[in-house]
Amino acid sequence: MKYLSEFRDYRSAKLLAKKINEITKHNWTIMEICGGQTHSILKYSIDELLPSKISLIHGPGCPVCVTPLEMIDKAIKIASRSDVIFTSFGDMLRVPGSELDLLSVKASGGDVRMVYSPLDAVKIAQANPDKKVVFFAVGFETTAPANGMAVLTARNLGLKNFSILCSHVLVPPAIEALMSGFNSNINGFLAAGHVCTVMGFDEYIPLSEKYKIPIVVTGFEPIDILQGIYKCIYLLESGEAIVDNQYSRVVKKEGNLEAKNIINTVFEITDRKWRGIGLIPKSGYKLKDEFSEFDAEKIFDLGDINVDEPEICIAGEVLQGLKIPLECPAFGKECTPENPLGAPMVSTEGACAAYFHYKKQKVN
Amino acid sequence: MDFQLSCPIPKSEYDKILIAHGGGGTLTHQLITKIFLNQFGNEYLNQLHDGAILEINKTRFAFTTDSYVVNPIFFSGGNIGELAVNGTINDLVCCGAKPLFISTGFIIEEGFEIEDLWKIVLSMKAAADKANVMIVTGDTKVVEKGKGDKIFINTSGIGIVYDGLNISPQNVKVGDVIILNGRIAEHGIAIMSEREGLEFETKIQSDTAALNSLVDEILKVTKNISVMRDPTRGGIASALNEIASSANVKIEIYEEEIPISEDVLGACEILGLDPLYIANEGKILLFVQESDAEKVLNVMRNHPLGKESKIIGKVLDKGSPLVTMKTLIGSTRIVDMISGEQLPRIC
């Protein structure tokens, strides 16, 4: 397939691996931000092709994994109402809240529907005027334009029965939080290609300068990731801390201006709690006040949902790249995709699930 | 910054049936072992084969049953009726049997269009005739509106096991090659695109087909087949994992050799689905002695249902069941049993 098979090519992979080997002189730890990249790395065993001097650690860029427990509980509370059709992307449905997940709500009779686009949820609202239709708007900057578009479309259609439960998170504040932590051992980042497709990479330049780290905007196919690693190692070995763009076939420096315009119209920056990590200032989007009629948190009386997550698994450390899933005593034993203790074991993009599916023999 | 290292509360067993319990993955497996085998277990059922092989008066019969609840009932490339006939034929074929007789049970929702029923029945008749099997008994139940979803069909089937053929995972040998008769994931993607209203440039069609004539041809050139399996729900990954587990062998497959159409691959990329786990309805995996592989491939490639047949893998080792895949970039990864339904991811 054009633009796909070239990026999964055996010869290119071998060549890149050889080049990476040749230029790597020191020990380096690189974090890929995005869960999609983590998934690719494990799915194609890219780590097997790299010299032992390079450690890949996995970042917090799995939207399912970092959506806070309270938000899942709010979703469950809304979805359980008989006057609601609750819509969501597929992989949010299995994430455990403090007691249930959305699939269990569905099994108990709740009208929970999987959609492929927030605009599908708007269509459901049009078709069901007697029901309140709520879309679970999670994700990084990548999904924000489409979710914003859904709100704008609903307003243009004059819909009074559509709202979103908004839990958007942002990448640069997460990098800032990781780097300002006293125990950061990260030497370089692979930034998330799709986030940068929307946002561009201007906002990464001050981070790179402040923390003296190279940041390489990277795609998702195995060759993309190997190229991203090559560029990052090259910068590290030559002592350069700049932002480079491996994913230039998609990402422009300024991003997608139209998409950013939608985001700026509908959302504003807010503090956001990240599951397993904690509160990160100015790390999320919320709906602007002028769109509050589409804000599910304002429409439904959700009371105070405040749940503390007990310290059982090491999801927080995994999400910050402090540990890899194989270091968790519960991995593959008490904690499996059927019985996940933490969200990274639920989502296909979660680091724990990726290790479980592609690497578990290394535990045994 | 104040970091709280915490995690979600544990979630263990489900106390209600979820859709994933029917997905063909780990939850289905748990349901079968913990509930059904727990009570029904016997020497036939315990083999967890596509059907049971029963010996009556020195004749070996294969007996199988399957229920069809597909939504939508009419889809690109077929409908629920021919799926029900072909599916049961294929289960018998995978027991190494020549399919002979089929039963049909209809559960129909009040208000269902007679015209739609007629269309379904016509295609069942055509599918049965084409495969040379007879529909010999049946049952009809009608449920109140809202108590079913249009129509559900159960089919059971009986066939006679071919002489000299002994199909069982226990017979899988190190060195057996794994042959697949064509492109994967077409049925699942056809259904999904129809159900979700997804449109692609070309229409992806279900591959529903009865495999008995293909297997007839194969059996003319070899009896050295240890296992045949139609990789339906759960796709080729689940089928291979089941075989690896019951045969206690290590299997390696080659990503580059697995036939898949560009349209299906594109759809999977868009939706974030792994085609290895997506349903097929006209595909068969054959574990064949390596020395017979060439002649098997020859007859398969001369049959309309096997034109793109390929060797997609090999049995590497006895002990510790595992399926691995040589990836396109030359590395090796595990192909796991899926835990539930594949859910399209967020981004």
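Look above for the structure.
If you're wondering where the values come from, they're calculated on a predicted model, not measured in any experiment.

## Focus: the overall build of chain A
Counting its regular elements, chain A contains 15 helices and 11 strands. For chain A, whose C-alpha radius of gyration is 21 Å, the value lies close to the compact-globule estimate of 21 Å for 364 residues. Overall, the C-alpha framework of chain A stretches about 65 × 45 × 45 Å when taken along its three principal axes. A total of 364 residues make up chain A; the buried ones form 62% of that total. Of all intrachain contacts in chain A linking residues separated by at least 6 positions in sequence, the fraction that spans at least 24 positions is 78%. Of the roughly 13900 Å² of accessible surface on chain A, a fraction of 51% belongs to carbon and sulfur atoms. Where the 39 positive side-chain charges of chain A centre and where its 44 negative ones centre are 4 Å apart.

## Some thoughts on the overall build of chain B
Along chain B, the regular secondary structure elements total 8 helices and 14 strands. The C-alpha atoms of chain B give 21 Å as radius of gyration, which agrees with the globular expectation for 347 residues (20 Å, within 12%). Referenced to the eigenvectors of the C-alpha coordinate spread, the extents of chain B come out at roughly 75 × 55 × 50 Å. In chain B, which comprises 347 residues, the share counted as buried stands at 54%.

## Things to note about the environment of B:L214
All names here are of chain B. Structurally, the position occupied by L214 is in helix α5 (residues 212–221). We classify L214 as buried; its relative accessible area is 0%. Linking L214 and I35, residues 179 residues apart in sequence, is a C-alpha distance of 36 Å. For L214, the residues in contact, after removing those within four places along its chain, are N181, I284, M300, H303, L305 and G306.

## Here's the deal with the nonpolar core
Counting 92 residues, the largest nonpolar core has A:F86, A:F162, A:F189 and A:Y204 as the members making the most contacts within it. With sequence-adjacent residues up to four places away left out, A:F86 is seen in contact with A:A75, A:I78, A:A79, A:L102, A:D111, A:V112, A:R113, A:V134, A:F136 and A:L165. By size, the runner-up hydrophobic cluster in this structure holds 45 residues, among which are B:I102, B:F112, B:M228 and B:V288.

## Looking at helix α7 (residues 144–156) of chain A
Residues and elements named next belong to chain A. Compared with an ideal rise of 1.5 Å per residue, which puts 13 residues at 18 Å, α7 spans 18 Å between its outermost C-alpha atoms and is within 8% of the ideal. Among all positions of α7, only A144, P145, N147, G148, A150, V151, L152 and A154 are buried. Looking one or two places after α7, you find G158, whose phi comes out positive at around 70°.

## Some words on the sheet that holds strand β13 (residues 322–326) of chain B
All names here are of chain B. Strand order in the open sheet formed by 7 strands is β9-β11-β8-β12-β10-β13-β14, with mixed pairing between adjacent strands. Two strands in the sheet have a free side with no partner beyond their single neighbour: β9 (225–229) and β14 (332–334). Recorded for the sheet is a direction-independent mean angle of 25° between the axes of neighbouring strands. Examined bridge by bridge, strand β8 (residues 177–180) and strand β12 (residues 310–318) share 4 bridges and lie antiparallel to one another. Considered in β12, the bridge of V177 is made with K314.

## Concerning the state of the cysteines
Tallied over the entire structure, the rule returns 1 disulfide over all chains. The residue that forms a disulfide with A:C62 is A:C65, at a sulfur-sulfur distance of 2.3 Å. A torsion of 70° about the S-S bond marks the disulfide between A:C62 and A:C65 as right-handed. Residue class for A:C65 comes out buried when judged on its relative accessible area of 1%. B:C95 provides the cysteine sulfur closest to B:C94, a residue in no disulfide bond, and the two sulfurs are 7.3 Å apart.

Reading the values: the criteria
- Residues numbered from 1 in each chain as written.
- Chains lettered and ligands numbered in written order.
- Predicted model: local features only at pLDDT ≥ 70, side-chain atom pairs only at ≥ 80, totals over all residues.
- Heavy atoms only, no water.
- Helix = DSSP H or I, 4+ residues; strand = E, 2+ residues; numbered from the N terminus.
- Rg over C-alpha atoms; globule rule 2.2 N^0.38 Å.
- Buried < 20%, exposed > 50% of the residue type's maximum accessible area, 1.4 Å probe, protein only.
- Contact = heavy atoms within 4.5 Å.
- Areas by Shrake-Rupley, 256 points an atom, 1.4 Å probe, with all protein chains shown as cover.
- Lys, Arg positive; Asp, Glu negative; His and termini not counted.
- Charge placed at Lys NZ, Arg CZ, Asp CG, Glu CD.
- Core = buried A, V, L, I, M, F, W, Y, C linked by side-chain atoms within 4.5 Å.
- Expected span 1.5 Å × (residues − 1).
- Pairing = 2+ DSSP bridges.
- Axes fitted to C-alpha atoms, helices over the stretch in contact; angles between N-to-C directions.
- Disulfide = S-S within 2.5 Å.

Treat this as a map of the structure, not an account of what it does.
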